[in-house]
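A closer look at the structure
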Amino acid sequence: MVGNSPCASCKLLRRRCAKDCVFAPYFPPDDPHKFAIVHKVFGASNVSKMLQELPVHQRADAVSSLVYEANARTRDPVYGCVGAISYLQNQVSQLQMQLAVAQTEILCIQMQQEPAVPLPMPIMEPNDKSLFLSSNNFNSLPQYLGFASSSSSNVIPDPLKRESLWT
Amino acid sequence: MTRCAACKYLRRRCASDCIFSPYFPPNNPQRFACVHRIYGASNIGKMLQQLPVHRRAEAADCLYYEAQCRMKDPVYGCVGLITLLHQEIHDAQSQLAKAQAEIAFLNASSAQEEPPQQQQQQQHPAIEPAKQGGDPQYYVQQIEATGDGPSALYGPSTATWFC
């Protein structure tokens, strides 16, 4: 409870806001929408369990990520965050292709300028993060995700702006 | 009639029009257990019911994916993956800008060394300009526009998460 005012969670749930309310530090009463959207997607009970399972110093970040996911799910009820992930992975692939082309072009130019010096073929080592993304431990992204239009057309712009991840 | 994984988990009768049964078959109980733990059966049912039937399978798969991400990373869930991708894009753009700048430099050096009548033959169509433009300066501007690293999004307390 912030002062004498119940937190946004307890206001929405219409209950007394205890001094040790797990929601109070992260859902202030002046932002009721924040808890409302998280409650709509995850449910207050599940959010409470998730927060209680985390150390206190990690709960703020957890709430922020839950709010982000809930917003993404509300904007795009079919794909949620997965739509953004798929789009970003495609961007990464395109950039890596462009980079490979550019690096090959550099080698070609260098070979033309110094034809007497044999240059080794470029060894394109896979990026470690690409390996993580392509061979993660859980199932890969649903194959039909091809950035096709979903039920909402607003999924793409916001998740791509890093500044908007934590609102 | 075999109950779906959801109704088995919830210990209830599986109706012929059960909202869960097409997407949570009985041979994969872990799938429903995972989404139920994160979202709850009621929320899953509501989300699916609000969608047209032909979109529900995709939605169920995406919910399962996000639930798995959340169970694997209880703090950031799939948002952690989004941040990693942003960083990877930033890094790739930076490397691409450097490569494009080097190409421009090499081409300029090559043009200065050769006679003027041969300069027209030095076009290299191998490089396709990026969709947004082939000017190396563009890429540098893109990098500057993307701002700081992921720690700027999460705050200083989480800056070490990406190490």
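Bear in mind the structure is a predicted one, so any value in this text is a computation, not a measurement. Starting afresh in each chain, residues are numbered from 1 along the sequence in its written order. Chains and ligands are labelled by the order in which they are written, letters from A for the one and numbers from 1 for the other. Per-residue local features are limited, in this predicted model, to residues with pLDDT of at least 70; the limit for side-chain atom pairs, both in listing and counting, is 80 or more; totals at the level of whole chains, interfaces and linings are taken over all residues. Calculated side-chain values reflect all of the structure's heavy atoms, with hydrogen atoms and water omitted.

This paragraph deals with the overall build of chain A. Secondary structure follows DSSP: runs of H or I at least 4 residues long count as helices, runs of E at least 2 residues long count as strands, and numbering of each begins at the N terminus. The helix and strand inventory of chain A stands at 7 helices and 0 strands. Listing each helix as α and each strand as β along chain A from the N terminus yields α-α-α-α-α-α-α. Only protein chains enter the accessibility calculation, which uses a 1.4 Å probe; a residue whose area is less than 20% of its type maximum is buried, one above 50% is exposed, and one in between is partly exposed. Going through the 167 residues of chain A one by one, you find that 43% of them count as buried. Residues are treated as being in contact if the distance between any of their heavy atoms lies within 4.5 Å. Counting only contacts in chain A whose residues sit at least 6 apart along the sequence, the fraction spanning at least 24 positions is 58%. The Shrake-Rupley method, run with a 1.4 Å probe, gives the accessible areas here. Residue values count only the displayed protein chains as cover. Accessible surface computed for chain A: about 9100 Å², of which carbon and sulfur atoms make up 56%.

Here we come to the packing of helix α4 (residues 56–75) of chain A against helix α4 (residues 53–72) of chain B. Angular values range over 0 to 180 degrees, each being the angle between N-to-C directions of two axes fitted as lines to C-alpha atoms, with helices fitted over their stretch in contact. Between α4(A) and α4(B), whose axes approach to 13 Å, the crossing angle comes to 175°. When the interaxial angle is binned, α4(A) and α4(B) end up roughly antiparallel. Every residue of α4(B) that contacts α4(A) at A:A62, A:S65, A:L66, A:E69 and A:R73 is listed here: B:A59, B:C62, B:L63, B:E66 and B:R70. Polar here means any residue outside two lists: the nonpolar Ala, Val, Leu, Ile, Met, Phe, Trp, Tyr, Cys and Pro, and the charged Asp, Glu, Lys and Arg; Gly therefore counts as polar. Taken together, the residues that form the contact of α4(A) with α4(B) break down as 5 nonpolar, 1 polar and 4 charged. In what follows, roughly perpendicular refers to angles from 65 to 115 degrees, roughly parallel to angles under 35, roughly antiparallel to angles over 145, and oblique to any angle outside these ranges.

Right, let's talk about the packing of aromatic side chains for a bit. Residue and element names in this part refer to chain B. Pairing of aromatic rings covers Phe, Tyr and the six-membered ring of Trp, with a centre-to-centre limit of 6.5 Å; geometry is then stacked below 30 degrees between planes, edge-to-face above 60, and tilted otherwise. With the rule as written, the count across this model stands at 8 aromatic pairs over all chains. Aromatic side chains Y9 and F32 sit 5.7 Å apart centroid to centroid with 70° between the ring planes, which places their arrangement in the edge-to-face category. Taken together, the residues span a long stretch of sequence, with Y9 in helix α1 (residues 5–10) and F32 in helix α2 (residues 29–38) at a distance of 23 residues. You can call Y9 partly exposed: its relative accessible area is 42%. In this structure an aromatic cluster arises from ring pairing among Y9, F20, F24 and F32.

Right, let's talk about the environment of A:A102 for a bit. With respect to the helices and strands, the residue A:A102 is situated in helix α5 (residues 81–113). On the basis of relative accessibility, which here comes to 0%, the residue A:A102 falls in the buried class. Ignoring anything within four residues of it in the chain, the contact list for A:A102 reads B:L96, B:A99 and B:I103.

Take the UniProt feature "coiled-coil region" (unreviewed entry) in chain B next. According to UniProt, the feature "coiled-coil region" (unreviewed entry) maps to residues 82–109 of chain B in the numbering used here. This span, residues 82–109 of chain B, is 100% helix and 0% strand, and a straight line between its end C-alpha atoms measures 40 Å. UniProt positions are given in the numbering used here, feature names are shortened, and annotations may be inferred rather than shown by experiment.

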